[in-house]
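Here is how the chains run, residue by residue.
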Amino acid sequence: MRTLIIIMSMISFLFGKVRIVTSTTDIADIAKIIGGDHVTVTSIARGNQDPHYVEILPSYMLKVRKADIYFMVGMELDLWAQQIIDGSRNRKVLIVDCSVGINKMEVPTGQIDASMGDIHRFGNPHYWLDPENGKLIARMVAEKLINHDSKNADQYQANLTQFEKDLDSAISIWTKRFSNLKDKDIIFYHNSWPYFSKRFGLKTVDFLEPKPMITPSPSKLNQVIQKIKSDGIEVIASESYFSDRAPKFIASKTKVKTVKLAQSVGAIESADSYINLFETNLTILAKAYGVSYD
Amino acid sequence: MLKKLVGGILFTTFTFSQTTVNPQFSVIGDLVMDHLHKDPSLLTSGIEIAVQGYVNPFARADIYLHKHNDDSPIELEEAVMTIERGLPFGLGLRAGKFRPDLGKINQSHAHLFPFIEVPAGMAKILGEEFWSATGVETNVFLPLPWYSNFSLGYFDSGISSHDYSDYEKDEDDHDHENDHKDKDDHNHDDEKDHGREKQTNAFSIRWSHFFELNNVNHLELGLSGYSGKAEQILGADFKYKWRPNKYRSLTLQAEVLQHSLEDEYMEKAVHPDEKLTVAYAMVNFQFNKAYNFGVLIDYWSLGLADDEGMNPSIFFGFSPVEESAVLRLKIGQLERENDEKNHKKYLKTTIQIIWSLGPHKPHRY
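Computed from a prediction, not measured in an experiment: that's the story for all the values here.

A. Layout of the sheet that holds strand β5 (residues 185-188) of chain A. All names here are of chain A. Ordered in space as β6-β5-β7-β8, the 4 strands form an open sheet in which the pairing is parallel. In the strand order of this sheet, the two ends are held by β6 (203-207) and β8 (257-261), each with one partner. Averaged over all adjacent pairs, the angle separating strand axes in this sheet is 35 degrees, with direction ignored. Relative to β6, β5 is paired through 4 bridges, and the arrangement is parallel. Within the sheet, the bridge partner assigned to F188 lies in β6 and is F207. Against the sheet, helix α8 (residues 218-231) engages β5 and β6, with an angle of about 145 degrees to β6. In the packing of helix α10 (residues 274-289) onto the sheet, contacts are made with β7 (235-239) and β8, and the angle to β8 comes to roughly 175 degrees.

B. Geometry of the domain arrangement of chain A. All names here are of chain A. As assigned here, chain A comprises domain 1 (2-172) and domain 2 (178-289). Between the C-alpha centres of domain 1 and domain 2 there is a distance of 27 Å. Listed per partner, the contact involves 30 residues of domain 1 and 22 residues of domain 2. Elements represented by at least two residues in the side of domain 1 that touches domain 2 include exactly α2 (25-35), α5 (131-148) and α6 (153-177).

C. Local environment of the environment of G123 of chain A. Residues and elements named next belong to chain A. Secondary-structure assignment places G123 in the loop between β4 (94-97) and α5. For G123, a count of 19 C-beta atoms within 10 Å puts it in the partly exposed group. Considering only alpha carbons, one finds G123 and Y293, 170 residues apart in sequence, at a separation of 32 Å. Beyond its immediate chain neighbours, meaning those up to four positions away, G123 contacts M75, K104, M105, E106 and V107.

D. Examining the nonpolar core more closely. Counting 84 residues, the largest nonpolar core has I30, A31, I34, F71 and V141 of chain A as the members making the most contacts within it. Here this core spans two domains, and each of domain 1 (2-172) and domain 2 (178-289) of chain A adds at least three residues to it. If we ignore the near neighbours within four places in the chain, the residues touching I30 of chain A are G134, I137, A138, V141 and Y274 of chain A. Counting residues in each nonpolar core, the second largest holds 29 residues, with V118, L126, F155 and F315 of chain B among its members.

E. The arrangement of the environment of I351 of chain B in detail. All names here are of chain B. Its place among the elements puts I351 in strand β18 (residues 343-357). For I351, a count of 16 C-beta atoms within 10 Å translates into the label partly exposed. Taking the C-alpha atoms as reference, I351 lies 4.6 Å from L329; in sequence the two are 22 residues apart.

F. Quick look at the sheet that holds strand β3 (residues 69-72) of chain A. Residue and element names in this part refer to chain A. Pairing within the open sheet is parallel, and its 4 strands lie in the order β2-β1-β3-β4. In the strand order of this sheet, the two ends are held by β2 (39-43) and β4, each with one partner. Here the average twist between neighbouring strands, direction ignored, is 20 degrees. Where strand β1 (residues 18-22) lies against β2, 5 bridges are found, and the strand directions are parallel. Paired with I20 across the two strands is V41, which belongs to β2.

G. Summary view of the packing of α8 of chain A against helix α9 (residues 245-253) of chain A. Residue and element names in this part refer to chain A. The contact between α8 and α9 brings their axes to 10 Å, and the two run at 45 degrees. If you check the angle between α8 and α9, you find them oblique. Where α8 crosses over α9, the handedness of that crossing is right-handed. Of the residues in α9, those touching α8 at L221, V224, I225 and I228 are A246, F249, I250 and K253.

H. Spatial organisation of the pairing of β5 of chain A. Residue and element names in this part refer to chain A. In this fold, β5 hands off to helix α7 (residues 194-200), which returns the chain to β6; that crossover is right-handed. Taken together, the 2 bridges between β5 and β7 define a ladder with parallel strand orientation. For F188, the partnering residue across the bridge sits in β7 and is A237.

Parameters and conventions
Residues numbered from 1 in each chain as written. Chains lettered and ligands numbered in written order. Predicted model: local features only at pLDDT ≥ 70, side-chain atom pairs only at ≥ 80, totals over all residues. Pairing = 2+ DSSP bridges. Helix = DSSP H or I, 4+ residues; strand = E, 2+ residues; numbered from the N terminus. Axes fitted to C-alpha atoms, helices over the stretch in contact; angles between N-to-C directions. Contact = placed C-beta atoms within 7 Å. Domains from an automatic or database assignment. Buried ≥ 20, exposed ≤ 12 C-beta atoms within 10 Å, placed from the backbone. Core = buried A, V, L, I, M, F, W, Y, C linked by C-beta atoms within 7 Å. Parallel < 35°, antiparallel > 145°, perpendicular 65-115°, else oblique. Left-handed = near helix turned anticlockwise from the far one by under 90°. Right-handed = clockwise from strand over helix to strand, strands pointing away.

Listed below in structure tokens is the structure:
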């Protein structure tokens, strides 16, 4: 009898949870924090993967098949998500676009076409790289969880309140500790960082890609080298999934330092949570610029 | 009857479910040149026009039109409605004209092949443009710990209606006649195909499995079957992919089909127990974001007639910006029948340029 009760409890524990699938690890980490023990969370893209291009594996459809809620990044970053959701045959899954409510940056005006590179018509989609937007994602996750699983609403609300408090506290600390990064010129490989730069005061002066998602050309590299030499730019930062070749080539011709940043949770080992994502990136940049941050 | 039913479903779906949101349009053009053609001018293979979109929250429609660079009319390659969500028991459904789920390669459009052309052996069974038919296909995930999909289809035209002898004939014509004659023959054969399409109904089944071995190693295995008018096909396929990052990948893919022939093959009498076995194996290595190269082995055999052929080739690809523009080169052996037993071997070099206009589609495994 006792065994039966234990088995029933385990079944109830496993099957009573809200099953969440997310496109990226950032939303997954936030969902874990808000959902706590009442949710299971799976991310489709890995942290060190380019979220623009995720090959659709049949096994991803299996992951979504029993999901209750799918949280997308939106803004056309994870266009692949819709094919996974469709292929899952899950007709009950609630699809949530986390970009709703975000104050979007770099929304193009006028006609856009492929001559501009891989441009996103709804604006730059890397909004999770501003911790303030992390709070908006968390609110979205909490709202959907409360609607879906009202019996645990208090717990979700409490987790949201705590997460916002932790993030506010971290933002306040980061703003002070890393104030020496303010107004530093930086070159990024890809335009993933406008939200991050705006929040922490970095000045983006160029990109290695001549246009979004176009591989750096020799003429572009030469142009960047000239700019680094003339303007004294100290750091090139790239996402973890890009090759080192172009940044290292430039570094060999100049005195610029090259660093890899975590564009998502799990991209770099120390960026193992949403809060540590910022801690890691800011520390890497402070070390590269040689500024104090304690 | 089936065509009318499917046509009716598609018409009703489009008419009553159309919204103000326009479907996506894309165009893929390709330019192919090979040294076997006596006319040194570039040969434009044609363009493919795709119109795709949701017709409602549960169903999608995909229409592919193809236009050859000749006087032939625009061909309807596929016009299919797919219901992936909304049906009970996790069922999926495709209805319309489409490429049935038979083997791995039959569902791929030719512009996705890194080796440019259809493997000649597979074309002997599936036809040069593969098997596309009007019908209904349903599929379901089996309740196994890994991805396991079972599909079953019923179609109004079988593979034999495509007459695999056309492929050989076209290839021979290329060697001996000018291109205009080729195109005339092609049109003639197409008409002949369409005339036969109503004669045979066919069933197809496929059972595929996908294993995510770890984050970078994936394996797919499949078994297929086909039953038409007094003819059967059995097939097995395999695909392994190693993709550690966006700059490198290694794909191994192989497929075998065995066709039980009745008493005739390519207008020649064969033993009633004769089987045509065709296969290909491919290794494709992406060694940079934009470059890949690989090897293709293409094989066919008539067991009882003790007649077989194998064509190896190497291929190279360059795609500077995803697949919006792709340059491919293939150098391979081409084998043709001179008489019943003698095959003459040629070295064939093929260059292909592909461009695409429109939204970039996510890549399926």
